[in-house]
Amino acid sequence: MRIAVGGLHTECSTYTSVLQSVNDFKVLRGRDLFISDFFNFLPQSEATIVPLIHARSTPGGAVSRATYVQFKTEFLMKLELAISEAPIDGLYLAMHGAVHVEGMVDAEGDWIEAARKLVGPHCPISVSFDLHGNLSQKIIDQIDIFTAFRHAPHIDTQETMERALNHLINAIDTGEKYFTGWAPIPVLLPGERTSTVDEPAKSLYGQLWDIDKVDGILDASLMVGYVWADVERANAAAVVTGTDRKAVAQQVENIARSYFDARQDFKFGPITGPLDEMLEIAKTCGTSPVILTDSGDNPGGGGVGDRACVLAHCAHNNIKDALIIGIADAPAVRQCIGLGEGQFTDIWIGATLDPTRSKPWHGHVRIEKLATDNKRGNQIALLNCNGLRIVISDQRYTFHEPENVEPLGIDLANEKLVVIKCGYISPAMTKIANPNLMALTDGAVNQDIPRLQNQNRPKPSYPFEESFDYTPVSHFSARAPK
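Keep in mind the model is a prediction, meaning the values are calculated, not measured. Counting starts from 1 at the beginning of each chain's written sequence and moves along it residue by residue. Only residues with pLDDT of 70 or above have their local features reported here, since the model is predicted, and side-chain atom pairs are shown and tallied only from 80 upward, although totals for entire chains, interfaces and linings are computed over all residues. Derived side-chain values reflect all non-hydrogen atoms in the structure, with water molecules and hydrogen atoms excluded from consideration.

Time to look at the pairing of strand β15 (residues 379–385). Within β15, six of the seven residues are buried, leaving the element largely enclosed by the surrounding structure. Here strand β14 (residues 361–372) runs beside β15; their pairing, made up of six bridges, is antiparallel. Bridge pairing links I367 to L383 in β15. Note on pairing: DSSP must find at least two bridges between two strands before they are called paired. Segments assigned H or I by DSSP are reported as helices when at least four residues long, segments assigned E as strands when at least two residues long, and all are numbered from the N terminus. Linking β14 to β15, which pair antiparallel, is a turn of six residues; within it G377 sits at a positive phi near 85°. Bridge analysis of β15 against strand β16 (residues 388–393) gives six bridges, and the strand direction is antiparallel. Paired with L382 across the bridge in β16 is V391. If you look at the hairpin formed by β15 and β16, you'll find two residues sitting between the two strands, and N386 has a positive phi there, around 55°. A simple rule labels every residue: compare its accessible area, found with a 1.4 Å probe on the protein chains alone, to the largest value its type can have, and call it buried under 20%, exposed over 50%, or partly exposed in between.

Another point: the environment of M438. Inspection of the secondary structure assignment puts M438 in strand β18 (residues 436–439). Take M438: its relative accessible area is 0%, and that puts it in the buried class. Along the sequence, M438 and V227 sit 211 residues apart, while their C-alpha atoms lie 18 Å from each other. The contacts of M438, once residues within four sequence positions are left out, are E192, F268, P270, I271, T272, G273, M278, L292, T293, S295 and G423. Should any heavy atoms of two residues lie within 4.5 Å, those residues are counted as being in contact.

With axes taken as lines fitted to C-alpha atoms, and helix axes fitted only over the stretch in contact, angles between N-to-C directions fall between 0 and 180 degrees. Between helix α8 (residues 275–284) and helix α9 (residues 309–316), whose axes approach to 12 Å, the crossing angle comes to 55°. Taken as axis vectors, α8 and α9 run oblique relative to one another. α8 and α9 meet at a crossing whose hand is right-handed. Contacts between α8 and α9 pair L275, D276 and L279 from the former with V310, H313 and C314 from the latter. Residue composition of the contact of α8 with α9, grouped by class: four nonpolar, one polar and one charged. Small angles under 35 degrees read as roughly parallel and large ones over 145 as roughly antiparallel, with 65 to 115 read as roughly perpendicular and the rest as oblique. Crossings are classed by handedness, with left-handed meaning an anticlockwise turn of the near helix from the far one by less than a right angle and right-handed meaning a clockwise turn. Charged means Asp, Glu, Lys or Arg here, nonpolar means Ala, Val, Leu, Ile, Met, Phe, Trp, Tyr, Cys or Pro, and polar covers whatever is left, Gly included.

A few words now on the sheet that holds strand β17 (residues 417–420). The strand order across the open sheet built from nine strands is β10-β18-β11-β17-β12-β16-β15-β14-β13, with neighbouring strands paired in mixed fashion. Either end of the sheet is taken by a strand with one partner, and the two such strands are β10 (271–273) and β13 (344–349). Averaged over all neighbouring strand pairs, the angle between strand axes comes to 30°, with direction disregarded. Bridge count between β13 and β14: six bridges; the pairing is antiparallel. Note that in β14 the partner of I347 across the bridge is G363.

A cavity here means a set of 1 Å grid points, computed over protein atoms only, where a 1.4 Å probe fits but cannot escape. A pocket is an open set with protein on both sides within 12 Å along at least 5 of 7 lines, and lining residues have an atom within 4 Å of a point. Grid points are joined across faces, edges and corners, and a volume is the space filled by probe spheres set on the points. Scanning all chains against the criterion turns up three cavities of 30 Å³ or more. By volume, the largest cavity is sized at about 60 Å³. If you trace the largest cavity, you find it lined by G97, A98, V99, H100, V105, N134, Y226, A229, V231 and R233. Here the lining of the largest cavity is composed, by residue class, of six nonpolar, three polar and one charged. If you trace the second largest cavity, you find it lined by D294, R307, V310, L311, I324, I325, I327, V419, I420 and K421. At three residues, strand β12 (residues 322–328) tops the list of elements feeding residues into the lining of the second largest cavity. Each residue belonging to the lining of the second largest cavity can be placed in one class, and the counts come to seven nonpolar, no polar and three charged.

Pairing is mixed across the open sheet formed by six strands, whose spatial order is β2-β3-β1-β4-β5-β6. The open sheet is flanked by β2 (25–29) and β6 (145–148), the only strands paired with a single partner. Neighbouring strand axes in the sheet, compared pairwise and without regard to direction, differ in orientation by 10° on average. With four bridges connecting them, strand β1 (residues 2–9) and strand β4 (residues 90–94) associate as parallel partners. Within β4, the residue paired with I3 across the bridge is G90. Strands in contact with helix α1 (residues 65–85) are β1, β2, β3 (48–57) and β4; relative to β3, the strand with the most contacts, it is inclined by about 180°.

And the structure:
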C-alpha cells in the first residue's frame, strides 16, 4: 500500500498588507517528513509512505502568489514522479483551511483539485484541517475523507493527522467508498471565544466522538472557521464523512443546528477588557505570575507581531516588574548583537514589518542577554528599560510556551507580570497563569469582530448581522453516490 503525503499549512489575515514569502515557511521535503515532530506518526504507519513536500508557517498575512505557485508546482512534480514510479493507492493532505493567496479565491480548493487531476478519480484522498479553517464546495468535491482538530488549544494536532491517515488506510484495506457531506454555518467567531476548554464549545466538540459511532458515519467535524479573512468562503461548517447518505445528512444538519443555536453563548474564557483595565487588575490582584495577552497582535492567529503599543503604554505609565515578550524586530536584534551583552543603547523597537499600521517605541535600554532559540533558529534579545524588560526576536514567532524564553535564562513562573502576543493560552502557560488576562488590543487579529471590514464574507453572518433565520442544508461531495 503506497500513500503519498504532502500539504500546505498556514492561516492568513486579510487585515495586514505583509505578504508571506518562501522564507516564512518551514518546508519539509521527502524523508524530512519522517524525522519531523509534526509528522511523528509517519514512521509507525503500516502503509508505505511516499513523502512529497509539506510547507508550514507561522500564521500571518496572505501568501504571495509566487510563493504559492512555487510550493504547488513542486508538490505536483513530486506527486507526478511518485505516480510514475509505482501506483499510488491513496493521498493524504495535511492542510489548514485558512490559506489565502493574493489574487486567488480558494487556494486550498485549487491545490486539492490539482492533486485530484493527477491521481485520478479512483484514488482516495483524505485531508486533515485545523478547526479554524474555511471550506468550500470545491474542496469537498475533490476529497473522500475529511477530519479536523477537535481541541483549541490544539493539543490533538498529531492525533488528528494520524486519524486522517488511518481512515485512508482503512478505506484502501477494505475497499469502502467513503464520501463527505457538509453544511456552511453563518457564524464567524474568533478562537478566543470558542476555545474547547470552555462551554458551549466543550460540549459541542464532545459530541463528535459519539457521532463517529453512528452507523454509516466514519468521522464528524465542526469547523469554527477563520474570522480574520474577509473572503467568500469564510464560514463555520459542519462536516461528516461516512457511507450512508441519510445518516451523513442528518448528522451534518444536527451539528450545524447545535452550533448556530449556541452562537450567542460563546464568551471569552479569561478576564477580558481594554489594556489599561487589564493592567490595573494585574497591578492590584496580589498574585503572580499574571499572564496578560496582547490579543490583537497574536502571530499564532495571523497577527504581524511587530506592534509595540503595549510596550509604549507600560513605559509611558512607568509600569515596572513587567516582562513584555515577542516583538518581532530584526533590525533591533541586529543592533543588540552588534553591541553585545551588558551595553546600553538608544533603540527603536517595533513597526518594522507593517509600519503603516503601527508606531515604533523609542527608549534607552541595557542589553541583558542574547540567545538563539535552538528549535527554530531565531535570534532573541532580552532588554531592560528601568526595570521594564523586553524580549525581541529577529523573526515573527509565537512565544506561547514558557520554554520559548528559557534560552534567555527566564523562568516565567518567577515573574510578576508577563505580556505575550497571544489569544487563548497554551496548556503549559495555563498551568502557571495566576491569573490569565486578555487585553483587547488593536492589530491584524482584532477581537472586535463586528467592526471588521466585511465586504466579501457571505451574508448574513453572525455577529456581523444579528437577527436572521437559518435552516441547515447538507451538501454532498460530487464523489458521493446518488
